[in-house]
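Spelled out, the chains give:
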Amino acid sequence: MLKKRNIYTIVFIVSILGLAIVQYQYLRIGINLAKVQFSSKIGLASEDIRNTLETKNKLTFLLANAIEEDSLYFNISVDSLRDASSHFLNDFITEKLVEKGIDADFTYRLVTRDSTHYIKSPVVYERTAELVTYPIEIKGYLPTLLGTDVILELKFRNLDSYYLSKLNGLTVPSLLFILGIIVAILWILRTYYWQRNVITTTNEFINNLTHELKTPVFSIGLASKMLEGEISEEKAPVLDIIRQQVERLKNHIDKVLELASFEERQSIFNFEVVDFKPILEDLCKDFKTLTSFEEVHFEYRLAAGPYRIKAEVAHLENAINNLLENAKKYSEEPKIEMESLVQKGKLVIRISDNGKGIGKRDQKLVFQKYYRVSDGNKYGVKGYGLGLSYVKRVIEKHNGKIDLNSEINKGTTIILKIPLYKHGKKI
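The protein is annotated in an unreviewed UniProt entry as histidine kinase from Maribacter polysiphoniae. Regarding the protein, the UniProt comment filed under Catalytic activity (unreviewed entry) reads as follows: "ATP + protein L-histidine = ADP + protein N-phospho-L-histidine."

Below, the structure written as structure tokens:
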């Protein structure tokens, strides 16, 4: 088991690492695509900015006066003129960038080729900041007026963070999904190993209990043999019942010992093709004999055989006995009916009772392990909620199906359907 746990752990770690690497590669591809898209948008925005600044207009006229420090036209100080032109140009560039879908932080400088004249952005980044520069060469009105080349330098910082922010719609859900997968797998593994520990503890308890039961069963069997020569003919049938039940109890104990293997999903079923009709008939006769000593009305109708099925007889008998015992336990004045018939290539066994019935909600849960139908906080009959779970698993092992129909205060009917075999093959 430790080896399996190590394998599961390794597979889990490798899978998560592989998923993280794949996600990282997708992230890199996404960032590269974001860079290409950003460059394309900058190109379009630069073209619009260049076209506007090439002509004489209010903005370029203001910029030209600010560069030449000519404030006579506007009747303000040179510093005010530069500050105004800086803000107007900043607003103009922001508008053009937003039109192209760019909302990244930026700064700019409008400089001549020899950098003797320039207008700078209202926002200036520190020199230590990692900046990406996109120069735009301005032609037309401004360079002609100034007699030198004019360049507008757009500078962006933290573009990697900007690209990542644009991918948040993919990266954040992906990280959440990876985290969800990790939590789910850890929870599943924890639950699995917890269940394994519970099963191991349960199996140890079963083994200890059944071995303790073997001693009194042996003693009862020995005592019944000692009574054979001394008992009257009238009470002989009672002794026969005791012997039958002791033998059945011995078989039950052996089968309970096999539950450990059953829980470990090991194969404990030895299937063989048999005629189940005489076996089912004997089972019904025994149950009728037993219930004749109690206030139980039991009737059975078995259609003509043979019932050739591929079965593990002991487990199938136990399953049917479980259903009959349930029908008896959960009825105040039990009236139990069993009928069998062959229908559409299947052996159909129907067991009905006149008990309290099972509600719609509980009908979906009664076949779960340890589940018991309760009346408020009280249970009418003592038990552990294992019987119907065992029956369902046995029938499924026989490639069969179990159905339940029930109404409150009217009773319950359980139907078993098991494939028939003909010439060693399923019909």
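Still to come is the rest of the account.
A separate point is the overall build of the protein. Secondary structure assignment for the protein yields twelve helices and 13 strands. By residue count, 36% of the 427 residues in the protein fall in the buried class. For the protein, contacts bridging at least 24 residues in sequence account for 67% of all contacts bridging at least 6. As displayed, the protein offers around 26600 Å² of accessible surface, 55% of which is attributable to carbon and sulfur atoms.

Here we take up the UniProt feature "transmembrane region" (unreviewed entry) in the protein. What UniProt calls "transmembrane region" (unreviewed entry) maps, in this numbering, to residues 7-26 and 170-189. In residues 7-26, the share of helix is 100% and the share of strand is 0%. The end C-alpha atoms are 28 Å apart.

On to a nonpolar patch on the surface, then. Taken together, the side chains of Ile-7, Tyr-8, Val-11 and Tyr-192 make up a nonpolar region of the molecular surface, amounting to roughly 340 Å² of accessible area. Here the nonpolar patch gets three residues from one element, more than from any other, and that element is helix α1 (residues 2-54). In this structure, Val-11 sits in helix α1.

Let us look at the nonpolar core. Looking at soluble globular proteins, one finds that nonpolar side chains tend to be buried together. In this structure, Phe-276, Leu-316, Ile-320, Leu-324, Met-338 and Ile-349 are the most contacted members of the largest nonpolar core, which totals 40 residues. Among the elements that line this core, the one with the most residues is helix α10 (residues 313-329), at seven residues. Here Leu-324 is in contact with Leu-283, Phe-287, Phe-298, Ile-336, Met-338 and Ile-351, once residues within four sequence places are set aside.

A word on α10. Owing to its 3.6 residues per turn, the α-helix brings residues three or four apart onto one side. Counted at 1.5 Å a residue, the expected span for α10 with its 17 residues is 24 Å, and the 24 Å between its end C-alpha atoms agrees. In terms of burial, α10 is largely enclosed, as twelve of its 17 residues are buried. Taken as a whole, α10 has its buried residues at Val-313, His-315, Leu-316, Asn-318, Ala-319, Ile-320, Asn-321, Leu-323, Leu-324, Asn-326, Ala-327 and Lys-328.

Let's shift gears to the side chain of Glu-153. The residue Glu-153 is located in strand β4 (residues 150-157) in this model. For Glu-153, a relative accessible area of 17% corresponds to the buried category. Those residues in contact with Glu-153 that lie beyond four places of it in its chain are Thr-107, Tyr-108, Arg-109, Val-111, Thr-133, Tyr-134 and Pro-135.

Attention now moves to the packing of α10 against helix α12 (residues 387-397). Look at α10 against α12: their axes get within 9 Å of each other, and the N-to-C directions meet at 145 degrees. Crossing angle aside, the handedness with which α10 passes α12 is left-handed. Of the residues in α12, those touching α10 at His-315, Leu-316, Asn-318, Ala-319, Asn-322, Leu-323 and Asn-326 are Gly-387, Leu-388, Tyr-390, Val-391, Val-394 and Ile-395. For the contact of α10 with α12, the residue count by class is eight nonpolar, five polar and no charged.

In this section: helix α2 (residues 58-67). Of all ten residues in α2, eight are buried; the element is thus mostly enclosed. Burial in α2 covers these residues: Leu-59, Thr-60, Leu-62, Leu-63, Ala-64, Asn-65, Ala-66 and Ile-67. Downstream of α2 by a residue or two, Glu-69 has a phi angle that is positive, lying close to 55 degrees.

This part takes up the sheet that holds strand β9 (residues 346-352). Ordered by their spatial adjacency, five strands build an open sheet running β6-β8-β9-β11-β10, and the pairing between neighbours is mixed. Of all the strands in the sheet, the pair left with one neighbour each is β6 (297-302) and β10 (401-407). Each strand of the sheet is rotated relative to its neighbour by a mean of 10 degrees, with strand direction disregarded. Sheet topology places β10 next to strand β11 (residues 411-419); seven bridges connect them, and they run antiparallel.

Our focus in this paragraph is the pairing of β9. Among the seven residues that make up β9, five are buried, leaving the element largely enclosed by the rest of the structure. Note: strand β8 (residues 335-343) against β9, seven bridges, orientation antiparallel. Each bridged residue has a counterpart across the sheet, and for Glu-337 the counterpart in β9 is Ser-352. Remark: two residues form the turn of the hairpin made by β8 and β9, two consecutive strands paired antiparallel; Lys-344 in that turn has positive phi of roughly 50 degrees.

Moving on to the packing of helix α9 (residues 276-291) against α10. It is at 11 Å that the axes of α9 and α10 come closest, and there the two elements cross at 35 degrees. Our pair here, α9 against α10, has a crossing hand that is right-handed. Taken together, the residues of α10 that come into contact with α9 (itself represented by Phe-276, Ile-279, Leu-280, Leu-283, Phe-287 and Thr-291) are Val-313, Leu-316, Glu-317, Ile-320, Asn-321, Leu-324, Glu-325 and Lys-328.

Another point: the pattern of salt bridges. Taken as a whole and assessed by the stated rule, the structure comprises 14 salt bridges. Across the pair Lys-155 and Glu-153 runs a salt bridge, and its minimum N-O distance is 4.0 Å. For the salt bridge of Glu-337 with Arg-301, the shortest nitrogen-to-oxygen distance reads 3.9 Å. Of this pair, Glu-337 sits in strand β8 while Arg-301 sits in strand β6, placing them 36 residues apart in sequence.

Reading the values: rules and limits
Residues numbered from 1 in each chain as written. Predicted model: local features only at pLDDT ≥ 70, side-chain atom pairs only at ≥ 80, totals over all residues. Heavy atoms only, no water. UniProt positions renumbered as here; feature names shortened; annotations may be inferred. Helix = DSSP H or I, 4+ residues; strand = E, 2+ residues; numbered from the N terminus. Buried < 20%, exposed > 50% of the residue type's maximum accessible area, 1.4 Å probe, protein only. Contact = heavy atoms within 4.5 Å. Areas by Shrake-Rupley, 256 points an atom, 1.4 Å probe, with all protein chains shown as cover. Patch = residues over 30% accessible without salt bridge, like charges linked within 9 Å, V, L, I, M, F, W, Y side chains within 5 Å. Salt bridge = Lys/Arg side-chain N within 4 Å of Asp/Glu carboxyl O. Core = buried A, V, L, I, M, F, W, Y, C linked by side-chain atoms within 4.5 Å. Expected span 1.5 Å × (residues − 1). Axes fitted to C-alpha atoms, helices over the stretch in contact; angles between N-to-C directions. Left-handed = near helix turned anticlockwise from the far one by under 90°. Nonpolar A, V, L, I, M, F, W, Y, C, P; charged D, E, K, R; others polar. Pairing = 2+ DSSP bridges.

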